Amino acid sequence: MASLKELLEVRKRMKGKKPGFIRQDTRKKARLKIKWRRPRGLDSKMRRKLRGWAKGVSQGYRSPGKVRGLHQSGLQPSIIRTAKDLDNLSPKENCLVISSSLGKRKRVEVLKKAREKNFQVVNIRDPEEYIKKAEEAISSRKKARQEKKEDKRAEKLGKAEKKAEESSKEGKKEIEKKDKDKILTKKEI
């Protein structure tokens, strides 16, 4: 029986020879997408598998059953959406694909837990570097938020002080006006 590594090599060679399966007449009609659809026409040359026409999908292009669905490393890829998903997996059988729906903070948390358990992360090239950059980005964003809050507070305080000054100026003007009125009324008497 062939080993797992040999089967992975066989799969790699087979996939190298596999044609890109395209839908019939996609090159002729722009409205047709490239995504594969089985040709069904009565006179279809592609359906009849004539020479010189595009190849159709068939099971002969399938990879060996034991390595079907495995990653190149020979591990079963598992999509991780939360840190709890790591509890049911083993690093000898599974490699991790971290979901794109995770935010930076949760992704960093998952990566740290994966590093502790010695998991291989497939969709992040260098997890250590990613963790550093993400933590720096999170901290800088936090600082920016705090500065923005402080600026708003200072702005509010500044507005309050200006209002107080304006009200005090207005109060002084009113007092001066009353004094002038008193003086004017005294002279008239």
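Everything discussed here concerns the structure shown above.
Everything numeric in this text was worked out from a predicted model, so none of it was measured.

Draft legend 1. Representation of the overall build of the chain within the structure. Looking only at helices and strands, the chain features 3 helices and 2 strands. The linear arrangement of helices and strands in the chain, starting from the amino end, is α-β-β-α-α. Structurally, the chain occupies a C-alpha span of about 125 × 50 × 25 Å along its principal axes. Here the chain holds 189 residues, and 19% of them are scored as buried.

Draft legend 2. Structural detail: the side chain of Arg 107. In this structure, Arg 107 sits in helix 2 (residues 104-116). One buried charged residue, Arg 107, forms no salt bridge at all, with the nearest opposite charge on Glu 109 at 12 Å. Among all residues touching Arg 107, those that are not within four sequence positions of it are Ile 98, Ser 99, Ser 100, Leu 102, Ile 124 and Tyr 130.

Draft legend 3. Region of the structure containing the nonpolar core. One finds Leu 86, Leu 96, Ile 98, Val 110, Leu 111, Ala 114 and Val 121 to be the most contacted residues of the largest nonpolar core, which totals 15 residues. Elements represented by at least two residues in this core include exactly strand 2 (94-98), helix 2 and helix 3 (127-188). Broken down by element, this core gets its largest block of residues, 4 residues, from helix 2.

About the thresholds
Residues numbered from 1 in each chain as written. Predicted model: local features only at pLDDT ≥ 70, side-chain atom pairs only at ≥ 80, totals over all residues. Heavy atoms only, no water. Helix = DSSP H or I, 4+ residues; strand = E, 2+ residues; numbered from the N terminus. Buried < 20%, exposed > 50% of the residue type's maximum accessible area, 1.4 Å probe, protein only. Lys, Arg positive; Asp, Glu negative; His and termini not counted. Salt bridge = Lys/Arg side-chain N within 4 Å of Asp/Glu carboxyl O. Contact = heavy atoms within 4.5 Å. Core = buried A, V, L, I, M, F, W, Y, C linked by side-chain atoms within 4.5 Å.

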